[in-house]
Amino acid sequence: MSKRKKIALIELIILVSTIIICNFIINNNSNQKYKHSSNASTVIIGSKNFTESKIVMQIWADALKKEGFNVRTKPNISSSVVYQAIRSKQVTLYPEYTGTIALSYLNKNIVGKNEKQIATIARNGVQKEGLTTLSYAPGNDAQGIAIRTSIAKRYGIKNISDLQKKANKIRFASQGEFDKREDGILGLEKVYGKFNFKNHKVYDPSLKYQILEKGEGDITPASTTEGQLATGKYFALTDNKHFWPPYNLVPLIRKSTLDSDPRIAKILNKVNKKLTTKELQNLNKQVDVDGHSYQYVASKWVEENY
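Residues numbered from 1 in each chain as written. Predicted model: local features only at pLDDT ≥ 70, side-chain atom pairs only at ≥ 80, totals over all residues. Heavy atoms only, no water.

Novice: I'm lost on the layout of surface pockets in this one. Help?
Specialist: Of the volumes computed, that of the largest pocket is approximately 1100 Å³. In this structure, the largest pocket is lined by 39 residues; those nearest its centre are D141, A142, Q143, S223 and Y247. Listing elements by their share of the lining of the largest pocket, those giving two or more residues are α2 (51-66), α4 (98-105), α9 (208-213), β8 (219-223) and α12 (277-288). A breakdown of the residues in the lining of the largest pocket according to their chemical character gives 15 nonpolar, 14 polar and 10 charged. Volume-wise, the second largest pocket comes out at about 280 Å³. If you trace the second largest pocket, you find 20 residues lining it, with N140, D239, H242, F243 and W244 closest to the centre. (1 Å grid on protein atoms, 1.4 Å probe; cavity = no way out; pocket = protein on both sides within 12 Å on 5 of 7 lines; lining within 4 Å. Points joined across faces, edges and corners; volume = space filled by probe spheres on them. Helix = DSSP H or I, 4+ residues; strand = E, 2+ residues; numbered from the N terminus. Nonpolar A, V, L, I, M, F, W, Y, C, P; charged D, E, K, R; others polar.)

So this is what it looks like as C-alpha cells:
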C-alpha cells in the first residue's frame, strides 16, 4: 500500500471515529437531559404559618429532592394570603385542606358532605384559577373537642353524644369565638342537644392544654391533628353525628407545574397515603411537644417512610 493510501485510510478512520464519538456525546446529553428534566425549573413549595403545614411542606420538599427535583421552600405564609400566593405564582404548590378550599375560597356549602364530595368540589372549583389538587390524604384536620383521657375513662365518654349526656359532670375550657359560631357550640347543640356543663369558662386558645394539664378544665375545642392528642393525656371525641365536615390534607398545585412533570403527582400521592390523622398528630407532637424543628422531623420521616 502506497504512503498516500495509508494516510488516506488513517484520515478515514479518524473521521469515522470522530463521528461515532460525537453521536455518543449528543445521545448521552439528550438522555441526561430527559433523565433530569425535572431539574429544568424549581418547584417552590409554600406553607401556612403553623406547625403541621410547615412539616408537610418539608416532607414534600425532601421527597421531591430525593427524586432529583430542584426545590425551594417558602414557609410561614399567612393563611389569609396563601391562596393569593399560589394564584399569583409566588409558590407552585402548598399543603391545603379540602374543606378550606371548598368553604373559604369557593364559598360552597359543605354541610352534610363526605370527604370525597368535598374533595371533588375543591378540585373542580380551583380549575378556573389554573390550579388543581392531587389525591387527598386520609389525615383529617377537622374541628373537634379534646378531652382529658382520665376524665373520659371516669365517666365513660367516647363520643360527643356521650359528652352531651354527661355534660353536668364536665368543665368546659372554651374559646370566645367557639361559643358564638354556628360551627361551634351553637351548631353542636342543634345536632346533639343542649350541653349543660358543670362549668363553662372562656380562655385564651394558646392556654387550653395548660388549663387541662392543671386540672382546671376537662374538655376544650381542638383540631383533630394537634400534637397534644398524641401524648396519651388527651384524645379527640368522635363526632358520631358527623356535625363537622372533613378537612383532609391535600396538595394544591399549579396545573402548569403538574403538566411539566406529572411525576410530581405520583411522588406526593405516595407520601400522602401515609399521612393519616394519627400520623399527623405524631408529627405535630414531635415539634409542639417534644421541641424538635420541623425540618428535622420531616427529614427523619422521609428517611424512614419514603
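Let us keep going from here.
Novice: Would you explain the pattern of salt bridges in this entry?
Specialist: In the structure shown here, the tally under the stated rule is 14 salt bridges. Measuring nitrogen to oxygen at the nearest pair gives 2.7 Å for the salt bridge that ties K48 to E96. Taken together, the residues K48 in strand β1 (residues 43-48) and E96 in strand β3 (residues 93-97) connect sequence positions 48 residues apart. Taking the relative accessible area as the measure of exposure, K48 reaches 5% and is therefore buried. Here K300 makes a salt bridge to E304, at a shortest N to O gap of 3.3 Å. One end of the pair, K300, and the other, E304, are both in helix α13 (residues 294-305), four residues apart, so they sit about a helical turn from each other. Of the residues examined, E304 reaches a relative accessible area of 55% and is grouped as exposed. (Salt bridge = Lys/Arg side-chain N within 4 Å of Asp/Glu carboxyl O. Buried < 20%, exposed > 50% of the residue type's maximum accessible area, 1.4 Å probe, protein only.)

Novice: So what exactly am I meant to see when it comes to the side chain of N284 here?
Specialist: Looking at where N284 falls in the secondary structure, it is placed in helix α12. By relative accessible area, N284 is classed as buried at 4%. Discounting chain neighbours no more than four positions away, the residues touching N284 are T51, E52, I55, T225, E226, G227 and V289. (Contact = heavy atoms within 4.5 Å.)

Novice: Mind showing me how you'd approach a positive patch on the surface here?
Specialist: Side chains of K66, K266, K270 and K274 sit close together on the surface and give a patch of like positive charge. Mapped onto the elements, K66 comes out in helix α2. (Patch = residues over 30% accessible without salt bridge, like charges linked within 9 Å, V, L, I, M, F, W, Y side chains within 5 Å. Areas by Shrake-Rupley, 256 points an atom, 1.4 Å probe, with all protein chains shown as cover. Lys, Arg positive; Asp, Glu negative; His and termini not counted. Charge placed at Lys NZ, Arg CZ, Asp CG, Glu CD.)

Novice: Could you clarify how one ought to interpret α13 in this entry?
Specialist: Three- or four-residue spacings in an α-helix give side chains the same orientation, since the helix completes a turn every 3.6 residues. The end-to-end C-alpha distance of α13 is 16 Å, a good match for the 16 Å that 12 residues give at a rise of 1.5 Å each. Those residues of α13 that are buried are in contact with α2, β2 (71-77), α11 (263-272) and α12. (Expected span 1.5 Å × (residues − 1).)

Novice: Would you explain the pairing of strand β6 (residues 171-174) in this entry?
Specialist: Consecutive side chains along a regular strand alternate between the two faces of the sheet. Direction of pairing for β6 relative to strand β7 (residues 199-202): parallel, over a ladder of four bridges. When the sheet's bridge partners are listed, F172 is paired in β7 with H200. The parallel pair β6 and β7, bridged by helix α8 (residues 185-192), forms a crossover whose chirality is right-handed. (Pairing = 2+ DSSP bridges. Right-handed = clockwise from strand over helix to strand, strands pointing away.)

Novice: It is not clear to me how the nonpolar core should be interpreted in this structure. Could you clarify?
Specialist: When a protein is soluble and globular, its nonpolar side chains tend to lie buried together. By size, the foremost hydrophobic cluster in this structure holds 38 residues, and its most contacted members are I45, I59, W60, L64 and L275. Of all the secondary structure elements, the ones that give two or more residues to this core are β1, α2, β3, β10 (249-254), α11, α12 and α13. For this core, the element with the highest residue contribution is α2, accounting for eight residues. Excluding its chain neighbours within four sequence positions, the residues that come into contact with I45 are M57, W60, A61, L64, V71, R72, T73, K74, L93 and Y94. With 20 residues, the next largest nonpolar core counts A152, I157, F195 and W244 among its residues. (Core = buried A, V, L, I, M, F, W, Y, C linked by side-chain atoms within 4.5 Å.)

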